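Below are the chains, spelled out letter by letter.
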Amino acid sequence: MTAAAVGATAQDVVTRGLADARPVTLEEVDATAALQTRVDRKYVLTPAEVAALLATLAAQAEPRVLEIGGDRAFTYASTYYDTADLLTFRQAARRRRRRFKVRTRTYVDTGNTTFLEVKTRAARGVTVKERCPWELSAPLGGAGLEFVDDRLAAARLDAPPSADLAPVLRSVYRRTTVLLPDARMTLDSGLRWRLAGPETLHGDRTADVGDLVVVETKAGTAPSSADRALWRAGHRPDRISKYATGLATLRPDLPDHPWRRLRRERLGVV
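Presented here is an overview of the structure given in this document. What you see is a predicted model; the values in this text were computed from it and never measured.

Running from N to C, helix α1 (residues 10-17) and helix α3 (residues 47-60) point in directions that differ by 10°, and their axes come no closer than 9 Å. As far as their axial angle goes, α3 and α1 are roughly parallel. Taken together, the residues of α3 that come into contact with α1 (itself represented by Ala10, Val13, Val14 and Gly17) are Pro47, Val50, Ala51 and Leu54. Looking at the contact of α1 with α3, its residues break down into seven nonpolar, one polar and no charged.

And the structure:
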């Protein structure tokens, strides 16, 4: 009987499944697997499915786990920015090949270290992430606006001035990072969403994914060992965006076609 079968939480299953994996330092992860230009593939799995994946990788791929101060799971908090008419959300909803996303990411367990990040997606599905240090809770202005405008211009995207961006959604989750010989893999549990920005007609809405785990592989264009293991088990990449899926869940007035099947079959949202 697996840990998932006896009612363990999603994070418990991740922790137990990687208990025998050797640790890897943040410096090693940054040096060998900080893939800023990459193809991301995401899968939404139950605890039992995560346990099976980790057992397969333990036998075949010699995974190592990011460990800092004896801890292997860390809280991440993100704030996503968008225009008043939700341009970046609508680009994702319409599945535009070339699109962008702006957010701040805070590493809560390591002194609230925060970065301002710009993610762009090229026509072939390659994701480029660029970031700069940022102050927790600082408004998006000054040097931040310059950084965002510069990165979007460099990507040759037809984007509005960054001054048009405002906080729209916040997310928080627990992340475990696994280093494989051919990729980096993250396992996110306890994902929760909350609307951000000033009070609106939409109210203070929140949502979460329950005990599901969002597994993301970050590799080059070739599928990683984790992708191949998941495909052999019958899984295929899921269409999920922590920003767009979360916003569509909290705002039923918005289009949700790319994520409708996932939200109904996995998240239980009608």
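Okay, the packing of aromatic side chains next. Remark: the centre distance and the inter-plane angle together describe each pair of aromatic rings, the angle taken between the planes. The final tally for this structure, using the stated rule, is five aromatic pairs. Where tyrosine 80 meets tyrosine 243, the ring centres are 5.3 Å apart and the plane angle is 20°; that geometry is what we call stacked. With tyrosine 80 in strand β4 (residues 74-82) and tyrosine 243 in the loop between α6 (225-232) and α7 (244-250), the pair connects residues that are 163 residues apart, well separated along the chain. Geometrically, the ring pair formed by tyrosine 107 and phenylalanine 115 is edge-to-face, given 6.1 Å between the ring centres and 85° between the ring planes. For tyrosine 107, a relative accessible area of 17% gives the class buried. On the accessibility criterion, phenylalanine 115 (18% relative accessible area) is buried. The structure contains a cluster of three or more aromatic residues connected by ring pairs, namely Tyr76, Tyr107, Phe115 and Tyr173. The ring of tyrosine 76 has arginine 175 sitting right over it, with the charged end atom 5.0 Å from the ring centre.

Taken together, the two bridges between strand β3 (residues 64-66) and strand β8 (residues 166-180) define a ladder with antiparallel strand orientation. Across the sheet, valine 65 pairs through a bridge with valine 178, a residue of β8. Where β4 lies against β8, nine bridges are found, and the strand directions are antiparallel. Among the inter-strand pairings, phenylalanine 74 is bridged to a residue of β8, identified as arginine 175. In sequence, β8 turns back onto strand β9 (residues 183-195) through a hairpin of two residues.

Analysis parameters
- Residues numbered from 1 in each chain as written.
- Predicted model: local features only at pLDDT ≥ 70, side-chain atom pairs only at ≥ 80, totals over all residues.
- Heavy atoms only, no water.
- Axes fitted to C-alpha atoms, helices over the stretch in contact; angles between N-to-C directions.
- Helix = DSSP H or I, 4+ residues; strand = E, 2+ residues; numbered from the N terminus.
- Parallel < 35°, antiparallel > 145°, perpendicular 65-115°, else oblique.
- Contact = heavy atoms within 4.5 Å.
- Nonpolar A, V, L, I, M, F, W, Y, C, P; charged D, E, K, R; others polar.
- Phe/Tyr/Trp six-rings, centres within 6.5 Å; stacked < 30°, edge-to-face > 60°.
- Buried < 20%, exposed > 50% of the residue type's maximum accessible area, 1.4 Å probe, protein only.
- Lys NZ or Arg CZ within 6 Å of the ring centre and 35° of its normal.
- Pairing = 2+ DSSP bridges.

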